[in-house]
Amino acid sequence: MNNKITNTDINEFEEFLINKNKSRTTLDKYMRDIRRFQIFLSDNSYPISQDTADKYIEVLKNADYSISSINTIISCINTFCNFIGRNDIHCVNLKKSKAESTNSDLLTVDEYNKLIKTAINNNYRLAMLIQVLGNTDIRLNELQYLTTHSLEMGKITVIRNSEEYNIRIPDDLLDGLYEYIDHEEIITGVIFCTRKGTPLERSNIWRLIKKLAVDAGINPDKVYPQNLKQQLGKKYYSIKY
């Protein structure tokens, strides 16, 4: 019985998918997903098991992955486990509960405003980042595409489903981003990045936003991508440096 995912397993899995005539998009997605699962197991010194697979799904749920995205990853893990003979491992697809759809779980405008104001008082970068998420259609994993060039163009060009997709930057937010990069002395490249210039990891971003929600007195379970997107077009808060 396989207790860990080896590179040989992954290479043979890729051959298996190719022989199944999977599309290049599906093939690339499955390979990315299974390698990330392998890294998760390796980094935590976990064996591959039902328990560790379930732990990984919980990690994804606590990040900003949508239910549909998690379900595609579950499909990949289940297919891989079946391929390597680990039929004892089978993750169940997630379903959106009725509670998740109730109005009580929606982030209100007042709560969104409170979240921003708390960030302004504590973390300018996070305040700006939340407003980018709340006032555009960009996703956390697409922040790498928000660059100084994006500001010059007035739009963010991202890749979705192997195609370019343009996201308009509202005028108020655009002005704020220019002020932000001036203040942070960002000359070129990605706007939200580490000191080494690499894009921020979405798991770290989401952890900071959840902590901010607690500091603001807001239920952190209400602060997730879809709820922020419901604030599209809401007031932009300028930041006084």
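Fair warning: this is a prediction, and the values are worked out from it, not measured in the lab.

Things to note about the packing of aromatic side chains
- For the coordinates displayed, the defined rule picks out nine aromatic pairs.
- Seen from their ring centres, Phe37 and Tyr56 are 5.1 Å apart, and the 40° between their planes marks the pair as tilted. Placement of the pair is Phe37 in helix H2 (residues 24-43) and Tyr56 in helix H3 (residues 50-62), with a sequence separation of 19 residues. Here Phe37 and Tyr56 have matching classes, each one buried.
- Grouping aromatic residues by their ring pairs yields a cluster made of Phe13, Phe16, Tyr30, Phe80 and Phe83.

Concerning unusual backbone geometry
- You will see that Ser45, though not glycine, has its phi angle at about 55°, which is positive.
- Looking at where Ser45 falls in the secondary structure, it is placed in the loop between H2 and H3.
- Look at Ser45 and you get exposed, because its relative accessible area is 66%.

Quick look at the nonpolar core
- Of all hydrophobic cores here, the largest spans 39 residues; its most connected members are Ile130, Leu146 and Phe192.
- A per-element tally of this core places helix H6 (residues 124-135) first, with seven residues.
- Once residues within four sequence positions are removed from consideration, Ile130 is found in contact with Tyr112, Leu115, Ile116, Ile209, Leu212 and Leu228.
- By size, the runner-up hydrophobic cluster in this structure holds 26 residues, among which are Ile5, Leu27, Tyr56 and Ile73.

Overview of a negative patch on the surface
- Among the surface-exposed residues, Asp172, Asp175, Glu179 and Asp182 lie close enough to one another that they form a single negatively charged patch.
- Here Asp175 is to be found in helix H8 (residues 171-184).
- Residue Asp175 is classed as partly exposed on the basis of its relative accessible area, which comes to 46%.

Observations concerning the pairing of strand E2 (residues 163-168)
- In this sheet, E2 lies alongside strand E1 (residues 155-160) in antiparallel orientation, the contact comprising six bridges. If you follow Thr157 over to E2, its bridge partner there is Asn166.
- A loop of two residues connects E1 with E2, the two strands running antiparallel in sequence, and Asn161 in this loop sits at a positive phi of about 55°.

A short note on the packing of helix H1 (residues 7-19) against helix H4 (residues 67-83)
- Interaxial distance between H1 and H4 falls to 11 Å at its minimum, and their mutual angle equals 105°. One finds that H1 runs roughly perpendicular with respect to H4. Where H1 approaches H4, its residues Asp9, Ile10, Glu12, Phe13 and Phe16 are matched on the opposing element by Cys76, Thr79, Phe80 and Phe83.
- Of the residues that constitute the contact of H1 with H4, the class distribution is six nonpolar, one polar and two charged.

Regarding the confidence of the model for the chain
- Confidence in the prediction for the chain averages 84 pLDDT; 89% of positions are at 70 or higher.
- Least confident of the elements in the chain is helix H10 (residues 225-229), whose mean pLDDT is 67; most confident is helix H7 (residues 148-153), at 95.
- Here residues 98-103 scores under 50 on pLDDT; set against residues more than four positions off or in separate chains, the count is six contacts.

Conventions adopted
Residues numbered from 1 in each chain as written. Predicted model: local features only at pLDDT ≥ 70, side-chain atom pairs only at ≥ 80, totals over all residues. Heavy atoms only, no water. Phe/Tyr/Trp six-rings, centres within 6.5 Å; stacked < 30°, edge-to-face > 60°. Helix = DSSP H or I, 4+ residues; strand = E, 2+ residues; numbered from the N terminus. Buried < 20%, exposed > 50% of the residue type's maximum accessible area, 1.4 Å probe, protein only. Core = buried A, V, L, I, M, F, W, Y, C linked by side-chain atoms within 4.5 Å. Contact = heavy atoms within 4.5 Å. Patch = residues over 30% accessible without salt bridge, like charges linked within 9 Å, V, L, I, M, F, W, Y side chains within 5 Å. Areas by Shrake-Rupley, 256 points an atom, 1.4 Å probe, with all protein chains shown as cover. Salt bridge = Lys/Arg side-chain N within 4 Å of Asp/Glu carboxyl O. Lys, Arg positive; Asp, Glu negative; His and termini not counted. Charge placed at Lys NZ, Arg CZ, Asp CG, Glu CD. Pairing = 2+ DSSP bridges. Axes fitted to C-alpha atoms, helices over the stretch in contact; angles between N-to-C directions. Parallel < 35°, antiparallel > 145°, perpendicular 65-115°, else oblique. Nonpolar A, V, L, I, M, F, W, Y, C, P; charged D, E, K, R; others polar. pLDDT = per-residue confidence, 0-100.

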